Amino acid sequence: MIQIVDKSECCGCNACGDVCTHEAITFQTDIEGFWYPRVDIDKCINCGLCERTCPQLHIGALKKNDFEYPVCFAAIHKNIEVRFGSTTGGLFSALAEQMYREGGYVGGAIYNKDFSVSHFISNNPADLALLRQSKYSQSQTCGIYKEVKRLLMAGEKVLICGTPCQMAALRRFLNKDYENLIIVDFICKSITSPKFYAKYLDYWERKVGSQLVSFKFKDKELGWRSLVKRFDFKNGKTMYSRAQDNDLYSMAYHGNIVSRPSCYFCQFKGFPRMSDITIADFWGVEKYAYLKDIDDNAGTSAVMCNSSKGLAFYKQL
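Computed from a prediction, not measured in an experiment: that's the story for all the values here.

Q: Looking at this structure, I do not really get the state of the cysteines. What am I missing?
A: In protein chemistry, a disulfide is the covalent bond that joins the sulfur atoms of two cysteines. On inspection of all chains with the given rule, the structure shows 0 disulfides. No disulfide involves cysteine 266; its sulfur sits 6.6 Å from that of cysteine 263, the nearest cysteine.

Q: Before we go on, may I ask you to explain unusual backbone geometry in this structure?
A: A negative phi angle characterises most non-glycine residues, just as the trans form characterises most peptide bonds. With an omega of -5 degrees, the peptide bond running from phenylalanine 271 to proline 272 counts as cis. On the secondary structure map, proline 272 appears in the loop between helix H10 (248-254) and strand E11 (277-281). Phi at asparagine 297 is positive, roughly 65 degrees, even though this residue is not glycine. Note that asparagine 297 resides in the loop between E11 and strand E12 (301-305).

Q: Can you walk me through the environment of tyrosine 249 in this structure?
A: For tyrosine 249, the location among the structural elements is in helix H10. With sequence-adjacent residues up to four places away left out, tyrosine 249 is seen in contact with Tyr136, Thr192, Phe196, Tyr197, Tyr200, Phe217 and Lys229. Within polar-contact distance, the side chain of tyrosine 249 engages the backbone oxygen of tyrosine 136 at 2.4 Å. At 3.2 Å, the side chain of tyrosine 249 and the side chain of threonine 192 are in polar contact.

Q: Help me out: how do you make sense of the packing of helix H7 (residues 144-153) against helix H8 (residues 164-174) in this one?
A: Describing two packed helices takes the angle between their axes plus the distance from one axis to the other. Taken N-terminus to C-terminus, the directions of H7 and H8 make an angle of 55 degrees; their axes are 10 Å apart at the nearest point. Taken together, the axes of H7 and H8 are oblique relative to one another. As for the relative orientation of H7 and H8, their crossing is right-handed in sense. Taken together, the residues of H8 that come into contact with H7 (itself represented by Tyr145, Lys146, Val148, Lys149 and Leu152) are Gln166, Ala169, Leu170, Phe173 and Leu174. Here the contact of H7 with H8 is composed, by residue class, of 7 nonpolar, 1 polar and 2 charged.

Q: Teacher, can you tell me more about the side chain of arginine 172 here?
A: Tracing the backbone through its elements, the reader meets arginine 172 in helix H8. Buried within the structure, arginine 172 lacks any salt-bridge partner; its nearest side chain of opposite charge belongs to glutamate 51, at an N-O separation of 10 Å. In this structure arginine 172 touches Arg52, Thr53, Cys54, His58, Ala61 and Leu62, once residues within four positions along its chain are discounted.

Q: I keep staring at the nonpolar core and nothing clicks. Help me out?
A: A general trend in soluble globular proteins is that nonpolar side chains are found buried together. Formed by 32 residues in total, the largest nonpolar core has its most connected members in Tyr145, Val148, Val158, Ile160, Leu170 and Leu181. If you list the elements that add at least two residues to this core, you get helix H1 (15-19), helix H3 (59-62), H7, strand E6 (158-161), H8 and strand E7 (181-186). Among the elements that line this core, the one with the most residues is H8, at 7 residues. If we skip the residues at most four places from it in the chain, isoleucine 160 touches Gly107, His119, Ile144, Val148, Met167, Leu170, Leu181, Ile182, Ile183 and Val184. Of all hydrophobic cores here, the second largest spans 24 residues; its members include Ala94, Leu159, Ile279 and Cys305.

Q: Teacher, can you tell me more about the pattern of salt bridges here?
A: Oppositely charged side chains are able to pair whenever their charged atoms sit close together. Applying the stated criterion to the full structure yields 16 salt bridges. The salt bridge partner of aspartate 30 is lysine 7, with a shortest N-O separation of 2.9 Å. Pair noted here: aspartate 30 is in the loop between strand E1 (25-29) and strand E2 (35-39) and lysine 7 is in the segment before H1, with a separation of 23 residues, a long-range link. Using a relative accessible area of 36% as the deciding quantity, one classes lysine 7 as partly exposed. Salt-bridge contacts for aspartate 281 lead to lysine 218; the nearest nitrogen and oxygen are separated by 2.8 Å. Of this pair, aspartate 281 sits in strand E11 while lysine 218 is found in strand E8 (residues 212-219), placing the two residues 63 residues apart along the sequence.

Q: How should I be thinking about the environment of phenylalanine 34 in this particular structure?
A: Mapped onto the secondary structure, phenylalanine 34 falls in the loop between E1 and E2. Expressed as a C-alpha distance, the spacing of phenylalanine 34 and aspartate 127, which sit 93 residues apart in the sequence, is 27 Å. Ignoring any residue separated from it by four or fewer positions in sequence, one finds phenylalanine 34 in contact with Gln28, Thr29, Gln138, Ile191, Thr192, Ser193, Pro194, Val258, Ser259, Arg260 and Pro261.

Q: Explanation requested: helix H9 (residues 194-208) in the structure shown.
A: What sets the pattern is the α-helix's 3.6 residues per turn: residues three or four places apart point alike. The end-to-end C-alpha distance of H9, which contains 15 residues, comes to 21 Å, matching closely the 21 Å that a straight helix rising 1.5 Å per residue would cover. Listing the buried residues of H9 in full gives Pro194, Tyr197, Tyr200, Leu201, Trp204 and Val208. Buried residues of H9 fall within an arc of 125 degrees about the axis and therefore sit on the same side. Seen from the buried face of H9, the exposed residues on the opposite side, beyond 90 degrees, are Lys199 and Arg206. Two or three places before lysine 195, at the start of H9, stands the capping residue serine 193, its side-chain oxygen 3.2 Å from that residue's backbone nitrogen. At the exit of H9 stands glycine 209, carrying a positive phi of roughly 75 degrees.

Q: Quick question: what am I supposed to make of the sheet that holds strand E10 (residues 238-242) here?
A: In sheet architecture, strand pairing relies on hydrogen bonds along the backbone and comes in two forms, parallel and antiparallel. As summarised here, the arrangement of the 3 strands in space is E8-E9-E10, forming an open sheet in which the pairing is antiparallel. Either end of the sheet is taken by a strand with one partner, and the two such strands are E8 and E10. In this sheet, adjacent strand axes meet at a mean angle of 15 degrees when their direction is disregarded. The pairing of E8 with strand E9 (residues 228-233) spans 5 bridges and is classified as antiparallel. If you follow leucine 212 over to E9, its bridge partner there is phenylalanine 233. Across the sheet, H9 touches E8, E9 and E10, and the angle it forms with E9 is around 55 degrees.

Scoring rules and cut-offs
Residues numbered from 1 in each chain as written. Predicted model: local features only at pLDDT ≥ 70, side-chain atom pairs only at ≥ 80, totals over all residues. Heavy atoms only, no water. Disulfide = S-S within 2.5 Å. Helix = DSSP H or I, 4+ residues; strand = E, 2+ residues; numbered from the N terminus. Contact = heavy atoms within 4.5 Å. Polar contact = N/O pair within 3.5 Å; in protein donor to acceptor, adjacent residues only side chain to side chain. Axes fitted to C-alpha atoms, helices over the stretch in contact; angles between N-to-C directions. Parallel < 35°, antiparallel > 145°, perpendicular 65-115°, else oblique. Left-handed = near helix turned anticlockwise from the far one by under 90°. Nonpolar A, V, L, I, M, F, W, Y, C, P; charged D, E, K, R; others polar. Buried < 20%, exposed > 50% of the residue type's maximum accessible area, 1.4 Å probe, protein only. Lys, Arg positive; Asp, Glu negative; His and termini not counted. Salt bridge = Lys/Arg side-chain N within 4 Å of Asp/Glu carboxyl O. Core = buried A, V, L, I, M, F, W, Y, C linked by side-chain atoms within 4.5 Å. Expected span 1.5 Å × (residues − 1). Arc of directions from axis to C-beta. Pairing = 2+ DSSP bridges.

Given below as structure tokens:
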């Protein structure tokens, strides 16, 4: 059974909980705010499904793809409103829109009412506004693996985006490739503690004296490179906080002091990628003169197509 002795060996993907048919695995949060699996030995039958699904234990089998090194692109969404509503160049939205056009489902991270983060999937294009934007806190994925498998087995097309460890966990959970599935991950610096994230937002509510109604990382009113966080409050006030102005979240995040223990020993980075498509901020795009037409400080995406299926899907955009 899953027994976490060294916390650096658990990425918190929650796949072991989804695969347990006896509901013997629950998740408990530690003092740092990260969840870890706990096994109810009275329910566990020692079937081994949890260990066979854990991506941390099977990185060698997972670390493969069609291309050893990806086919790469720089790109922006043609709709400037979509770009301004996105964290980077709007490429997740473009991928999602294509899947909606094909009648499929799109999954990713959304904010809950209390600004905690969880994974969500639907075939309603109106939900794209919820899925858009990076959330920068570990997303709760309990149930999402089972739902993706149910949809795939029903013949539905699915595009889902998550951290590299979450998407590796999905591959391991499914235990086979599906032609009707596109897996998207992103270049991930680390997973931030949901507890720290909640405390940071609470700090701003106390500072302003009002309830937070909207929050956005990398707001682009002052440009993509400014790394501005925007806070909108119930009392009508709007506040901004920049990384260069000693923003508390930025100092902790970029100082590597609020990351999940497994992130310091990440097994899911590098090549070959385990997703079909990887998206990211194209930091450094200004170094390439031939890309100047898509570098206007409103966000430019780097896109890496890691499989033949991913490349074919991207070329439809």
